[in-house]
Amino acid sequence: MSSFDESDAFEGAVLSLSQQAMAARSTPYLDGLNPEQRRAVEALDGPVLMLAGAGTGKTKALTTRIAHLLTTGRARPNEILAVTFTNKAAREMKNRVAGLLGETVEGMPWMGTFHSICVKLLRRHAELAGLKSNFTILDTDDQIRLLKQLIRAENIDDKRWPARMLAHLIDNWKNRAWTPDKVPSSEAAAYNNRGTEIYEAYQARLKTLNAVDFGDLLLHVVTIFQDHPDVLAKYQNWFRFILVDEYQDTNVAQYLWLRLLAAEHKNICCVGDDDQSIYGWRGAEVGNILRFEKDFPGAAVIRLEQNYRSTHHILAAASGVIDGNEDRLGKTLWTEKNDGEKLRLIGHWDGEEEARWIGEEIENLQTGTRGLDPVSLDHMAILVRASHQMRAFEDRFLTIGLPYRVIGGPRFYERLEIRDAMAYFRVTVSPDDDLAFERVFNTPKRGLGDKAMQQVIHAARNNGVSLLEGLRISLEDGALGARYRKSAGALLNGFDRWRLAAHRGDNHIQLAEIILEESGYTDHWKAEKTPEAPGRLENLKELVKALEQFENLQGFLEHVSLIMENEQEDATEKVSIMTLHAAKGLEFPAVFLPGWEDGLFPSQRSMDESGLKGLEEERRLAYVGITRAEEICTISFAANRRIFGQWQSALPSRFIDELPVDHVEILTPPGLYGGGFGAAATPGMDGVTRGSALEDRVRSADVYNSPGWKRMQARSQQRTMGQPREARNVVIDLEAVSSFGLGDRIFHQKFGYGAVTAIEGDKLSVLFDKAGEKKIVASFVTGIDDVPF
DNA sequence: TGCGGTGAATTTTTT
DNA sequence: ATTCACCGCA
């Protein structure tokens, strides 16, 4: 579009007007930096690679650099391109830059995720990709449904060749920036020799639907840049300074995108840590960061090596592990902190005992045994390799009444009910959205099955119109069977009415409620008696609430597809449970790393599929895990674990053998695993040693009186200052206990509805309708007015 | 069309 | 073990 320069310049106007004032301003923000950070901030010209180890203050350096660019007047806010991978990271960057400058940074339109920036670019130049600028963004689910249709049309057995597989394949190709014509012939055998062919058909179908998938966002923009040098040149000139966070996670498409944009000014600053590259399986190329100096000749390479997060022992242990990797740029982290506590290593008989032990440890920390002050649950985390490991902890914590939060579970906008509701909104806003139409045609069930759908599709095809119009035609010419007419007519009328209301500019929040009401969608969940139903209704309310932040439905839908997260923090202190991947970038005073067994961690599958490369990535994952800890890091493993309902025994992880002995304290008692490091372990040892001996040993461990422990508690206290600390829910909720009687119907967040079968102090035995009998702390259930049984 | 039974698959995750 | 998808029957 030709409006390029004006609109861009305009977007930045808010901040740039104070540019002169800024140039004259002093630079107090530089004072808090160490020499390397300062170098990274002040080396403004030419390519810079900032190798920032874990906990070395890279976000500080990055944001200060931006502040410096602005303050010195080297760039206007809208001439800086700053890319991150997640919305969270982008938000934090914005906030911190604002904090440094002491004002809000409204005028930085090009700070965001790769994807959100690409959406912006693509909406401007959509026609160059054969799209209209109001294209829809399909998520993984839409993508798979679409592929399924194509696969069926091609008469391929989607049992043997699942759509999921094809979706991954196409994603991988897009990550490598391969359009259908650029997929190399070496890939020809993919997906039963039909891969490229269906890829091409898929892209064509997307174009007719005026839709793109996530991979397309980058791919289309890269393609536009490559095919239209004039467009590229504008942006190359415009972005005087480029900053990239987590550069080690970039894939080929993102790399090309960056290289094209940086070609003119070459002021590109990439921040990353090759030792924290853990996303190889989704296309990230560590090679990008390893190759930086070749790609950008004359690049300044700055290493941030002073770690401000962890104690010496933790750092040394992490370094010892990561030393096992071959391909590294090499950094030596150091700290001015004290030695602190050694890492603690403990073996368990099985996964349940591991969960039990960690639960006790957490309670010890939390309540503060031996007269020591308590540590907040918010400052403890359990980091697992695979999400199925979480359940053992959830089960255990529910029974003992330990509050926890799972981070990175199913995302809000991926939930069934949210996607359904949004499909209604989509058809309302864009009647051409066939995918959305298909989704809601018989949702909730209104008697419109496959046959009715086929008729509508038929009518739409014959007349070359959307499915919604196809429905209208089918009703008008009577092609649709009499039995369908009533409900189909109601649906059509509904959409007509809602669309009119939207055009009229009716309040979009009310409109959303009306749509969900009149379509029968809320009623459908009200009528449903499954344990999830109340939660789903709750989520729908949340969705409507989220609309408040937008002008209208249209605006909401345009933005929402890229914000796949929901963060609703409640005030209760909780232990965090998450995967190692989700933990990247976070830090906690106390960290538990369970499940260090060969096959689970390092993951067998990773090693099978990617061999040594896979193992090295797993090792980096171990490094990420250990370096999350500030004061206390506890690694554990179990000899036996139930996997897919089958008991399996395992050897301790090879990473355990790689831990430097001097920095580890072994809590595993003699007798279990021969008492030594994991190396001597033999699975299937006698069960006699489990239980008391081990627990005694743990209880007698004197870590609670160590200096490191006390420091951690001191810090934990500081952080929670200002927040009232009463009402810790370890205290038995007497009211809750007394309010339940035998046979009462209750509801539980995780297990759903059930009936009380026994009461024992604050613990209830509950026979759940779905989940069977469980022992639950009374305060975790709510009574319901339902008639018993 | 919708329900209930049987069989197969099952890392890591953002956008 | 548990979930999810599909098939056959009412």
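Analysis parameters
Residues numbered from 1 in each chain as written. Chains lettered and ligands numbered in written order. Predicted model: local features only at pLDDT ≥ 70, side-chain atom pairs only at ≥ 80, totals over all residues. Heavy atoms only, no water. Phe/Tyr/Trp six-rings, centres within 6.5 Å; stacked < 30°, edge-to-face > 60°. Helix = DSSP H or I, 4+ residues; strand = E, 2+ residues; numbered from the N terminus. Buried < 20%, exposed > 50% of the residue type's maximum accessible area, 1.4 Å probe, protein only. Lys NZ or Arg CZ within 6 Å of the ring centre and 35° of its normal. Contact = heavy atoms within 4.5 Å. Near = heavy atom within 4 Å. Nonpolar A, V, L, I, M, F, W, Y, C, P; charged D, E, K, R; others polar. Polar contact = N/O pair within 3.5 Å; in protein donor to acceptor, adjacent residues only side chain to side chain. Pairing = 2+ DSSP bridges. Axes fitted to C-alpha atoms, helices over the stretch in contact; angles between N-to-C directions. Disulfide = S-S within 2.5 Å. Salt bridge = Lys/Arg side-chain N within 4 Å of Asp/Glu carboxyl O. Parallel < 35°, antiparallel > 145°, perpendicular 65-115°, else oblique.

Focus on the packing of aromatic side chains
Considering all chains together, one arrives at 21 aromatic pairs under this definition. With a centroid separation of 5.7 Å and 50° between ring planes, the pair formed by Y279 and W281 is classed as tilted. Taking 5.2 Å as the distance between ring centres and 85° as the angle between the ring planes, the aromatic pair formed by F495 and W498 counts as edge-to-face. With F495 and W498 both in helix 23 (residues 482-504) and three residues apart, this pair spans about one turn of that helix. Both residues of the pair, F495 and W498, count as buried. Here the guanidinium or amino end of R282 rests over the ring plane of Y279, the centre of that ring lying 3.8 Å away. Seen from the ring of Y255, R291 lies directly overhead, with NZ or CZ sitting 4.8 Å from the centre.

A few points about the environment of L169
Relative to the helices and strands, L169 is located in helix 9 (residues 163-175). In this structure, the C-alpha to C-alpha distance between L169 and H524, residues 355 residues apart in sequence, is 37 Å. When residues no more than four places from it in sequence are discounted, the contact partners of L169 are A190 and Y191.

Some details on the protein's contact with DNA strand C
Looking at DNA strand C, the residues that line it are K159, R391, F644 and G645. In the surface near DNA strand C, the residues fall into one nonpolar, one polar and two charged.

Brief notes about the protein's contact with DNA strand B
By nearness alone, 28 residues border DNA strand B, and S387, R411, G449, T579 and R605 come closest of all. A breakdown of the atoms of DNA strand B within 4 Å of the protein gives sugar and phosphate a share of 51%. At 3.4 Å, a side-chain N or O of W281 approaches a base oxygen of DNA strand B. One of the side-chain N or O atoms of T579 is found 2.4 Å from a phosphate oxygen in DNA strand B. Broken down by class, the residue content of the surface near DNA strand B amounts to eight nonpolar, eleven polar and nine charged.

Points about unusual backbone geometry
Cis geometry marks the peptide bond from F601 to P602, where omega comes out at 5°. By the secondary structure assignment, P602 is in the loop between strand 13 (588-593) and helix 29 (604-627). Here the phi dihedral of A177 falls at roughly 65°; this positive angle occurs in a residue that is not glycine. Within the secondary structure, A177 sits in the loop between helix 9 and helix 10 (195-209). With phi around 55°, K266 is a residue other than glycine that occupies positive phi space.

Here we look at the sheet that holds strand 1 (residues 48-52)
Strand order in the open sheet formed by six strands is 3-2-6-7-1-8, and the pairing between neighbours is parallel. One side of each edge strand has no neighbouring strand; the edge strands of this open sheet are strand 3 (111-113) and strand 8 (300-304). Pairwise comparison of adjacent strand axes, ignoring direction, gives a mean angle of 15° for this sheet. As paired elements, strand 2 (residues 80-84) and strand 3 share three bridges and run parallel to each other. Looking at strand 3, one finds that A82 is bridged to M111. Lying over the sheet, helix 4 (residues 35-42) contacts strand 1 and strand 8, oriented at roughly 145° with respect to strand 8. Together, strand 1, strand 2, strand 3, strand 6 (241-244), strand 7 (268-272) and strand 8 form the strand contacts of helix 5 (residues 58-71), whose direction differs from that of strand 6 by roughly 165°.

Describing the state of the cysteines
Linking two cysteines covalently through their sulfur atoms gives a disulfide. Applying the stated criterion to the full structure yields zero disulfides. Here C118 is not disulfide-linked; the sulfur of C270 is the nearest cysteine sulfur, at 15 Å.

Quick notes on the pattern of salt bridges
Taken as a whole and assessed by the stated rule, the structure comprises 43 salt bridges. Between D139 and R419 there is a salt bridge, with the nearest N and O atoms lying 2.1 Å from each other. With D139 in the loop between strand 4 (136-138) and helix 8 (140-153) and R419 in helix 19 (residues 416-429), the pair connects residues that are 280 residues apart, well separated along the chain. By the burial criterion, D139 is buried, and R419 matches it. E246 serves as the salt-bridge partner of K584, at 3.5 Å between the closest nitrogen and oxygen. Placement of K584 in the loop between helix 28 (580-583) and strand 13 and of E246 in the loop between strand 6 and helix 13 (252-262) is noted, with a sequence separation of 338 residues between them. A relative accessible area of 18% means that E246 is categorised as buried. One network of salt bridges, with partners in common, ties together D139, D141, D142, R145, R419, D420, R426, D433 and R439.

Some details on the side chain of D142
Mapped onto the elements, D142 comes out in helix 8. Not counting residues up to four positions away in its chain, the partners in contact with D142 are R419, R426 and L435.

Structural notes on the pairing of strand 14 (residues 629-643)
For a regular strand, side chains alternate in direction, first toward one face of the sheet and then toward the other. Taken across its 15 residues, strand 14 has 13 buried, putting it largely inside the fold. Direction of pairing for strand 9 (residues 343-350) relative to strand 14: parallel, over a ladder of six bridges. Within strand 14, the residue paired with G347 across the bridge is F637. Here strand 13 pairs with strand 14 via five bridges, running parallel. Across the sheet, the residue bridging to V591 is C633, located in strand 14. Where strand 14 meets strand 15 (residues 646-649), four bridges bridge the pair, whose relative direction is antiparallel. Within the sheet, the bridge partner assigned to R642 lies in strand 15 and is W647. Joining the antiparallel neighbours strand 14 and strand 15 is a turn of two residues, in which F644 adopts a positive phi near 55°.

Things to note about the environment of Q143
Of note, Q143 is situated in helix 8. At 3.4 Å, the side chain of Q143 and the side chain of D213 are in polar contact.

Notes on helix 22 (residues 467-476)
Counting buried residues along helix 22, seven of its ten residues qualify, which places the element largely inside the surrounding structure. Of all the positions in helix 22, only L467, L468, G470, L471, R472, S474 and L475 are classed as buried. Tucked inside the fold, the buried residues of helix 22 contact helix 19, helix 20 (434-441), helix 21 (450-463) and helix 23. Of the residues trailing helix 22, G478 is marked for its positive phi of about 75°.

Topic: the environment of E326
Relative to the assigned elements, E326 resides in the loop between helix 16 (312-322) and strand 9. With a relative accessible area of 65%, E326 lands in the exposed category. Separated by 158 residues in sequence, E326 and Y484 have C-alpha atoms that sit 66 Å apart.

What about the pairing of strand 9?
A large share of strand 9 lies buried, amounting to eight of its eight residues. One ladder, built from three bridges, connects strand 9 with strand 16 (residues 664-666); its direction is parallel. Opposite L343, over in strand 16, you have V664 as the bridge partner.

A short note on the packing of helix 9 against helix 10
A pair of packed helices is characterised by two quantities: the angle between their axes and the separation of those axes. It is at 11 Å that the axes of helix 9 and helix 10 come closest, and there the two elements cross at 80°. Put simply, helix 9 runs roughly perpendicular to helix 10. Of the residues in helix 10, those in contact with L166, I170, W173 and K174 of helix 9 are G195, T196, I198, Y199, Y202, Q203 and L206. Looking at the contact of helix 9 with helix 10 residue by residue, the classes come out as seven nonpolar, three polar and one charged.

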